[in-house]
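Understanding the architecture of this molecule
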Amino acid sequence: MTTMYAALLRGINVGGAKKLPMAELRTLLEGLGHDAVRTHLQSGQAVFASGHGDEESLAAELTRAIEERFGFAVDVIVRDHAYLKAVAEACPFPAAELEAKQLHVTYFSAPVDAERFDAIDQSAFRPEEFRLGDRALYLYAPDGLGRSKLAESLARPRVNKGLIATTRNWNTVVKLVELTTP
């Protein structure tokens, strides 16, 4: 039985660093034995069908293959369709009423607890706010991610220590659900 997955690559094709052409990523995934391979945008999303492995082993396999092929390390999170759909459906903000640039999801490589974020005083960032989900953080940033002071605080190494964290805007969140639908 095959499962549809999305691979979320962190920090590629940004500012000229870690160039990874999507056509080559598709070829790499096919070479690893995956089917129905597609990419979305240039910022590091690929979907594929696989009948072997689990999210963690597939992420580790892709991480190794990218380093061997391209010569640099890339953090990778792999999530299946059911998870991606559940994250979209659990959004605590009114997604249908917001612009995609205002709503983001940060996917984490492992579960996170609220204590990790205790040092962040959300009231100091209003109207921006965040809420935690299942290995995910939902961020409402009315002026967009690039201008968000809360996003800066959430991205600090001490907050994300020991985790892979990668953020996608709401359009991409919804598109990944669509692309991974069996």
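Scroll up to find the structure.
First things first, this report covers the structure right here in the doc. Remember, predicted model here, so these are calculated numbers, not experimental data.

1. Let's talk about the sheet that holds strand β5 (residues 103-108)
Pairing is antiparallel across the open sheet formed by 4 strands, whose spatial order is β6-β7-β5-β8. Bordering the open sheet on either side are β6 (129-133) and β8 (165-169), each of which pairs with just one other strand. Each adjacent strand pair in this sheet contributes to an overall mean axis angle of 20°, direction not counted. Relative to strand β7 (residues 136-140), β5 runs antiparallel, the two being bridged by 5 bridges. Note on β7: the bridge partner recorded for H104 is L139. This element, helix α3 (residues 81-89), spans β5 and β7 of the sheet and lies at about 140° to β5. Helix α6 (residues 170-179) rests against β5 and β8 of the sheet, and its axis sits at about 95° to β8.

2. Regarding helix α2 (residues 55-70)
With 16 residues, α2 ought to run about 22 Å at 1.5 Å a step, and its terminal C-alpha atoms sit 22 Å apart, in line with that. Looking at the buried positions of α2, the neighbouring elements they touch are β1 (3-10), α1 (22-31), β3 (45-50), β4 (75-80) and α3. Near the N-terminus of α2, the side chain that reaches the backbone nitrogen of E56, with its oxygen 3.2 Å away, is that of D54. One or two residues past the end of α2 sits G71, with phi positive at roughly 80°.

3. A short note on the pairing of β7
Regular strands show a simple pattern: their side chains alternate between the two faces of the sheet. In terms of burial, β7 is largely enclosed, as 5 of its 5 residues are buried. Bridge analysis of β6 against β7 gives 5 bridges, and the strand direction is antiparallel. For F130, the partnering residue across the bridge sits in β7 and is L139. Hairpin connection of β6 to β7: 2 residues between the antiparallel strands, including R135 at a positive phi of 55°.

4. Some remarks on the pairing of β3
Where burial is concerned, most of β3 is hidden: 6 out of the 6 residues are buried. The two faces of β3 match: Q45, V47 and A49 on one face and A46, F48 and S50 on the other face are all buried. Sheet topology note: the strand β2 (residues 35-40)/β3 ladder contains 4 bridges and is antiparallel. Looking at the pairing, D35 lines up with A49 of β3. Hairpin connection from β2 to β3: 4 residues lie between these consecutive antiparallel strands, with L41 at a positive phi of about 60°.

5. Examining the sheet that holds β3
Strand pairing within a sheet occurs via backbone hydrogen bonds; the two strands may be parallel or antiparallel. One open sheet accounts for 4 strands, arranged β2-β3-β1-β4; its pairing is antiparallel. Two strands lie at the open edges of the sheet, namely β2 and β4, each paired on one side alone. Within this sheet the neighbouring strands show an average axis-to-axis angle of 20°, counted without direction. As defined by bridge partners, β1 adjoins β3 across 6 bridges and the pair is classed as antiparallel.

6. As for the packing of aromatic side chains
One pass over the full model with this rule turns up 6 aromatic pairs. Ring centres of Y5 and F48 lie 5.6 Å apart, and the angle between their planes is 25°; this geometry places the pair in the stacked category. Here Y5 is found in strand β1, whereas its partner F48 is found in strand β3, with 43 residues between them in sequence. An identical accessibility class is assigned to Y5 and F48; each is buried. Between F108 and F117, the ring centres sit 6.4 Å apart and the planes meet at 50°, which makes this aromatic pair tilted. Given a relative accessible area of 4%, F117 falls into the buried group.

Thresholds applied
- Residues numbered from 1 in each chain as written.
- Predicted model: local features only at pLDDT ≥ 70, side-chain atom pairs only at ≥ 80, totals over all residues.
- Heavy atoms only, no water.
- Pairing = 2+ DSSP bridges.
- Helix = DSSP H or I, 4+ residues; strand = E, 2+ residues; numbered from the N terminus.
- Axes fitted to C-alpha atoms, helices over the stretch in contact; angles between N-to-C directions.
- Contact = heavy atoms within 4.5 Å.
- Expected span 1.5 Å × (residues − 1).
- Polar contact = N/O pair within 3.5 Å; in protein donor to acceptor, adjacent residues only side chain to side chain.
- Buried < 20%, exposed > 50% of the residue type's maximum accessible area, 1.4 Å probe, protein only.
- Phe/Tyr/Trp six-rings, centres within 6.5 Å; stacked < 30°, edge-to-face > 60°.

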